Amino acid sequence: MRSILYPGGKGVGHAWAYLPDIAETFARLLDREPELPHFARFHFAGLWDADGTRLTRSIQEVLGRKLPVRGMPWWALPLIAPFNPTMREMIEMRPYWRHPVRPDNRELVAFLGEEPHTPLAQSLAASFAALGIA
């Protein structure tokens, strides 16, 4: 890894979630399925990064080196999109990177008692190991 590609705008907050934490949340909800209302809706708040610097700084700390942080070249995605379905999906997600979206997990916490959270450094280290990034 030579740089960090960050899709969010400067100063725009974003919520991040570690997939095993979400899986744990689903498992806990399924364990209590008989108690769930028919149309329950819970939001997973995850890790809130108010301006994008917490995540990028943590990535650098876990990797043990300073990396340049680059913005997403959103202008290029429409050029790639006809040939790449992932880029088409990224274009659809752009509004969520221009404006802060902070899920409210109060109902989830009220139901489960807590929202599972792996410490950021630990989740990043595990993710990098799984991806073979050192």
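Each remark here, short or long, concerns the structure printed above.
Okay, so let's go over this structure. (Residues numbered from 1 in each chain as written. Predicted model: local features only at pLDDT ≥ 70, side-chain atom pairs only at ≥ 80, totals over all residues. Heavy atoms only, no water.)

Topic: the environment of Pro68
1) Next: Mapped onto the elements of the fold, Pro68 is located in the loop between helix 2 (53-63) and strand 4 (69-71).
2) Next: Owing to a relative accessible area of 47%, Pro68 belongs among the partly exposed residues under this scheme.
3) Next: A sequence separation of 26 residues divides Pro68 from Arg94, and the C-alpha atoms of the two residues are 22 Å apart.
4) Next: Not counting the four nearest positions on each side in its chain, Pro68 is found in contact with Arg2, Ser3 and Ile4. (Helix = DSSP H or I, 4+ residues; strand = E, 2+ residues; numbered from the N terminus. Buried < 20%, exposed > 50% of the residue type's maximum accessible area, 1.4 Å probe, protein only. Contact = heavy atoms within 4.5 Å.)

So, the packing of aromatic side chains
1) Next: Within the structure shown, the criterion is met by 4 aromatic pairs.
2) Next: On the numbers, 6.2 Å between centres and 50° between planes, the contact of Tyr6 with Trp16 is tilted. Taken together, the residues span a long stretch of sequence, with Tyr6 in strand 1 (residues 4-6) and Trp16 in strand 2 (residues 14-16) at a distance of 10 residues.
3) Next: Consider the rings of Trp16 and Trp97, whose centres lie 5.6 Å apart with planes at 50°: the pair is tilted. With a gap of 81 residues between them, Trp16 in strand 2 and Trp97 in helix 5 (residues 95-98) connect regions that are remote in the sequence.
4) Next: Residue classification places Trp97 among the buried residues on the basis of a relative accessible area of 13%.
5) Next: The structure contains a cluster of three or more aromatic residues connected by ring pairs, namely Tyr6, Trp16 and Trp97.
6) Next: When the ring centre of Phe111 is taken as origin, the NZ or CZ atom of Arg32, which lies over that ring, is 4.1 Å away. (Phe/Tyr/Trp six-rings, centres within 6.5 Å; stacked < 30°, edge-to-face > 60°. Lys NZ or Arg CZ within 6 Å of the ring centre and 35° of its normal.)

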